[in-house]
Amino acid sequence: MSLVDSGEVSLIVNTIALLLLIVGVVRRKGSKKVLIRHGYLSILGFALKMATVLAIMMPSFVMTPLDMSKFSPLAYWIVVAKFASGILGTVMGFICIIPWFFKPLDQMACNRV
């Protein structure tokens, strides 16, 4: 799989993960069933994100290291910002989603993590 193909696959899978998170947020007021659906869709979205990071992004980064000296200053800072936001998103996923999954069913709410 070439770098372009892996980038397209990564974009498609991450877009699906984002759509799952958006669907999980849309809810009716006071419905515990919808809150639990939100949680499980968040877990699925996070799992898809981690699958693309581990199977596509990290191998591409290791096999094809970037020569940052060829980038313009704007392109350099865009790459740095994307890399940093990806790391922060992953850390937030581990902090928010994983502990929620291991809570008892009666305590599953976003504000209790």
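Quick caveat, the model's predicted, so the values are computed rather than measured. (Residues numbered from 1 in each chain as written. Predicted model: local features only at pLDDT ≥ 70, side-chain atom pairs only at ≥ 80, totals over all residues. Heavy atoms only, no water.)

**With respect to the overall build of the chain**
Defined as follows: Helix and strand assignments follow DSSP, with helices taken as H or I runs no shorter than four residues and strands as E runs no shorter than two, numbered in order from the N terminus. Only protein chains enter the accessibility calculation, which uses a 1.4 Å probe; a residue is then buried when its area is under 20% of its type maximum, exposed when over 50%, and partly exposed in between. By definition, residues are in contact when any of their heavy atoms lie within 4.5 Å. Note that accessible areas follow from Shrake-Rupley with a 1.4 Å probe, and for residues the cover is restricted to the protein chains shown.
Broken down by element type, the chain carries three helices and zero strands. What you see in the chain, going N to C, is helices and strands ordered as α-α-α. Taken over 113 residues, the chain has a buried fraction of 23%. A separation of at least 24 residues holds for 59% of the contacts in the chain among residues at least 6 apart in sequence. Accessible surface for the chain amounts to roughly 8300 Å². Of this, 75% is attributable to carbon and sulfur atoms.

**Considering the side chain of Ser42**
Relative to the assigned elements, Ser42 resides in helix H2 (residues 32-63). Judged by its relative accessible area of 10%, Ser42 falls in the buried class. Not counting chain neighbours up to four residues away, the residues in contact with Ser42 comprise Leu21 and Ile97.

**Brief notes about a nonpolar patch on the surface**
For clarity, the cut-off: Residues forming no salt bridge and having over 30% relative accessible area are the ones grouped into patches, like charges within 9 Å of each other and nonpolar side chains (Val, Leu, Ile, Met, Phe, Trp, Tyr) within 5 Å. Within this document, salt bridges are pairs made up of a side-chain nitrogen of Lys or Arg and a carboxyl oxygen of Asp or Glu, the two lying within 4 Å of each other.
The grouping of Phe61, Val62, Met63, Phe83, Ile87, Val91 and Ile95 at the surface amounts to a nonpolar patch, some 750 Å² of accessible area in total. Of all the elements in the fold, those that place two or more residues in the nonpolar patch are H2 and helix H3 (73-101). Among the elements that line the nonpolar patch, the one with the most residues is H3, at four residues.

**Regarding the packing of aromatic side chains**
Put simply, the rule reads: Each Phe, Tyr or Trp ring (for Trp, its six-membered ring) is paired with any other whose centre lies within 6.5 Å, and the angle between the two planes then decides the class: stacked below 30 degrees, edge-to-face above 60, tilted in between.
Tallied over the entire structure, the rule returns two aromatic pairs. Ring geometry for Phe46 against Phe94: centres 5.1 Å apart, planes inclined by 85°, an arrangement best described as edge-to-face. Here Phe94 lies in helix H3 and Phe46 lies in helix H2, a separation of 48 residues in the sequence. Pairing Tyr76 with Trp77 gives two aromatic rings, centres 5.1 Å apart and planes at 85°, and the pair type is edge-to-face. According to the relative accessible area criterion, Trp77 is exposed, its value standing at 55%.

**So, the confidence of the model for the chain**
Let me state the cut-off plainly: The pLDDT value expresses, per residue, how confident the predictor is, ranging between 0 and 100.
Predicted confidence across the chain gives a mean pLDDT of 76, with 81% of residues reaching 70 or more. Confidence, expressed as mean pLDDT per element, reaches its minimum in the chain at helix H1 (residues 3-25) with 74 and its maximum at H3 with 82.

**Examining H2**
Applied cut-off: By this rule, a helix spans an expected 1.5 Å times one less than how many residues it contains. Throughout, the bend at a residue refers to the angle made by two axes, fitted to the seven residues ending there and to the seven starting there.
Between its terminal C-alpha atoms H2 stretches 45 Å, which fits the 46 Å expected from 32 residues at 1.5 Å a residue. At Val53, H2 shows its largest bend, some 40°.

**Considerations on the packing of H2 against H3**
Here is the rule: The convention used is that axes are lines fitted to C-alpha atoms, helices contributing only their stretch in contact, and that angles between N-to-C directions extend from 0 to 180 degrees. When an angle is under 35 degrees it counts as roughly parallel; over 145 it counts as roughly antiparallel; between 65 and 115 it counts as roughly perpendicular; any other value is oblique. We call a crossing left-handed when the near helix sits turned anticlockwise from the far one by less than a right angle, and right-handed when that turn is clockwise. Three classes are used: nonpolar for Ala, Val, Leu, Ile, Met, Phe, Trp, Tyr, Cys and Pro, charged for Asp, Glu, Lys and Arg, and polar for all others, with Gly counted as polar.
One can describe the packing of H2 onto H3 by two numbers: an axis separation of 10 Å at closest approach and a directional angle of 140°. In terms of axis orientation, H2 runs oblique to H3. Judged by the sense of rotation from one axis to the other, the crossing of H2 with H3 is left-handed. Facing H2, whose interface residues are Leu35, Ile36, Gly39, Tyr40, Ser42, Ile43, Phe46, Lys49 and Met50, H3 presents Gly86, Gly89, Thr90, Gly93, Phe94, Ile97, Ile98, Trp100 and Phe101. Looking at the contact of H2 with H3 residue by residue, the classes come out as eleven nonpolar, six polar and one charged.

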